[in-house]
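An overview of the molecular structure
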Amino acid sequence: MAKKIKAIVYRAPEKMEIEEIDMPKAGPKDVVIKVKYSAICGGELHTYRSGSGDAPGSILGHEFIGYTYEVGSEVEGIAEGDRVWGMSANVCGKCWYCQNGDYGHCSHVLEQVTGHGVPGGHAQYVLISNAVLNVTIHKIPDSINDMQGALVEPFSVGYAEVAQADIKEGDKVVVIGAGMIGNSILQFAKLAGAEVLISDVVDSRLKIARDCGADYTVNSAKCNLLEEVQRIWGDNEWYFGPSGRADAVFDTAGVGSTLNDAVSVIRAAGKLILVAPSEKDVPFNLFPVIYKNPKIIIPMSGAYAAQTIEAMADGKLVVDPLIAQVFPFNKAIEAFETQVNPANGMKVLIDMQNEDE
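Criteria and thresholds
Residues numbered from 1 in each chain as written. Predicted model: local features only at pLDDT ≥ 70, side-chain atom pairs only at ≥ 80, totals over all residues. Heavy atoms only, no water. Helix = DSSP H or I, 4+ residues; strand = E, 2+ residues; numbered from the N terminus. Rg over C-alpha atoms; globule rule 2.2 N^0.38 Å. Contact = heavy atoms within 4.5 Å. Areas by Shrake-Rupley, 256 points an atom, 1.4 Å probe, with all protein chains shown as cover. Lys, Arg positive; Asp, Glu negative; His and termini not counted. Charge placed at Lys NZ, Arg CZ, Asp CG, Glu CD. Pairing = 2+ DSSP bridges. Right-handed = clockwise from strand over helix to strand, strands pointing away. Phe/Tyr/Trp six-rings, centres within 6.5 Å; stacked < 30°, edge-to-face > 60°. Buried < 20%, exposed > 50% of the residue type's maximum accessible area, 1.4 Å probe, protein only. Lys NZ or Arg CZ within 6 Å of the ring centre and 35° of its normal. Salt bridge = Lys/Arg side-chain N within 4 Å of Asp/Glu carboxyl O. Core = buried A, V, L, I, M, F, W, Y, C linked by side-chain atoms within 4.5 Å. Axes fitted to C-alpha atoms, helices over the stretch in contact; angles between N-to-C directions. Polar contact = N/O pair within 3.5 Å; in protein donor to acceptor, adjacent residues only side chain to side chain.

For the protein, the helix and strand inventory stands at 11 helices and 15 strands. Here the C-alpha radius of gyration of the protein, 21 Å, is about what a compact globule of 357 residues would show, namely 21 Å. When contacts within the protein are restricted to residue pairs at least 6 apart in sequence, those whose partners lie at least 24 apart make up 66%. Only carbon and sulfur atoms are counted for the fraction: they give 50% of the accessible area of the protein, which is about 15,800 Å². Looking at the protein, you have 30 positive and 46 negative side-chain charges, and the mean spots of the two groups are 1 Å apart.

Written out as structure tokens, the structure reads:
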């Protein structure tokens, strides 16, 4: 009989259950990780709140850190006991995209990604299939502690957004939303030499943003974002009315009001980077988009873990203030309920090996 482990299973909107599942078994090319800390991604909150993104029965979790428990005989560069983060990301090889070499858009890719189609890090053990060092599995150096290491994946999203938007020294950047991804974009944009304004409706998140290097913070529930951008960087009227002068705007909130704000504060021919999905249709005025003619960028993340680990190991990232609370595994449901409210802090971790508290 297969050994049993425990996992947090998504069953329906606002319904997560702790259940027993079979212990994963590594094949020759696979690695099984004993998960230490697992973090709750903002994307998982979309699933938790509305059911969008993942099917009932899914074991979510792609932000985690753990120790290798079983290493397949053909895996190179990884030994049992290594501290790692990893993500399975296989493709079907048969769909139109794969047949045309566009593997990143495989029609079935999410069916084979950790925390989506295959069980993720919200389990006590997780399988990384076809584990390749520095591609699908990454060692975490000693200069990064366990809780910090659980945030490698979300920080790598911020790296991807900034890199693919080609942010350069001197750019005026607006980040809408000061959650985990917005904060990571802020930090990597600052490392690229940009001047950064970040907005949110939660003052505690804006304080953390200032601690992480934001040049300007704006509570958009208390004042007009466009007016603040104009006050700081100057008016930039164009032939259809008032405008901001931001070179690039990252929308990490994904609601109608923030998308319209993003278009209002960007300069003509600037860059509009769409980061967050929306759980429902949003009202959006296309008129200024057409005439401002911004370059619209929707970055693909997932390929920048190595660069992120290096930056974190070198002390270039502010990590600790982003960790709000740590819950023992037997209080995982409470952890999700806590993470849903932005006022409860930036990032909640679950100690997947601790059921004692």
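Turning to the pairing of strand β10 (residues 216-219), a few remarks are in order. Of the pairings in the sheet, the one linking strand β9 (residues 195-200) to β10 comprises four bridges and is parallel in character. Across the sheet, the residue bridging to L197 is Y216, located in β10. Regarding the hand of the β-α-β motif, the stretch spanning β9, helix α6 (residues 203-211) and β10 is right-handed.

This part takes up the packing of aromatic side chains. Under the definition given, this model contains eight aromatic pairs. Plain terms: the ring middles of F287 and Y291 are 4.8 Å apart, the flat faces sit at 40° to each other, and that makes the pair tilted. Taken as a pair, F287 and Y291 lie in helix α9 (residues 287-292) at a separation of four residues, close to a single helical turn. Relative accessible area serves as the criterion here: at 40%, F287 is assigned to the partly exposed category. Each member of the aromatic cluster is reached from another via a ring pair, and the members are F155, Y159, F188 and Y304. The ring of Y37 carries K36 above its face, with NZ or CZ at 4.9 Å from the centroid.

Our focus in this paragraph is the pattern of salt bridges. Close approach of charged atoms allows side chains of opposite charge to pair. If you walk through the whole model with that rule in mind, you get 14 salt bridges. The closest approach of N and O atoms between R11 and E19, which form a salt bridge, is 2.8 Å. With a relative accessible area of 34%, R11 lands in the partly exposed category. With relative accessibility at 22%, the residue E19 sits in the partly exposed group. One salt bridge connects D351 with K36, and the closest N-O pair in it is separated by 3.1 Å.

Turning our eyes to something else, we now look at the nonpolar core. Proteins that are soluble and globular tend to have nonpolar side chains buried together. L151, F155, F250 and I350 are the most contacted members of the largest nonpolar core, which totals 72 residues. In this structure F155 touches M180, S184, Q187, F188, T308, M312, L317, V318, V319 and L322, once residues within four positions along its chain are discounted. Of all hydrophobic cores here, the second largest spans 17 residues; its members include V174, I232, W233 and A246.

Locating A123 in the fold gives a position in the loop between α2 (96-99) and β6 (125-128). Owing to a relative accessible area of 0%, A123 belongs among the buried residues under this scheme. On a C-alpha basis, the gap between A123 and V35 in space is 7.1 Å, while along the polypeptide they are 88 residues apart. Contact partners of A123, with chain neighbours within four places excluded, come to K6, A7, I21, V35, I59 and M352.

This next bit is on the sheet that holds β10. Read from one edge to the other, the open sheet built from six strands follows the order β10-β9-β8-β11-β12-β13, with strand pairing classed as parallel. Each of the sheet's edge strands pairs with one partner strand only, and the pair in question is β10 and β13 (295-297). Across the sheet, the axes of successive neighbouring strands diverge by a mean angle of 20°, strand direction being ignored. Contacts between helix α5 (residues 180-191) and the sheet are confined to β8 (172-176), β9 and β11 (246-251), with β9 contributing the most and set at about 170° to the helix.

What follows covers the side chain of E70. Locating E70 in the fold gives a position in strand β4 (residues 63-71). Under the relative-accessibility criterion, E70 is labelled buried at 17%. Reaching out from E70, the side chain makes a polar contact with the side chain of K25 at a distance of 2.9 Å. In terms of polar contacts, E70 uses its side chain to reach the backbone amide nitrogen of A26, at 3.2 Å. In this view, E70 contacts P24, K25, A26, D30, V31, V32 and E80; residues no more than four positions away in its chain are not counted.

Purely geometric numbers; function is a separate question.
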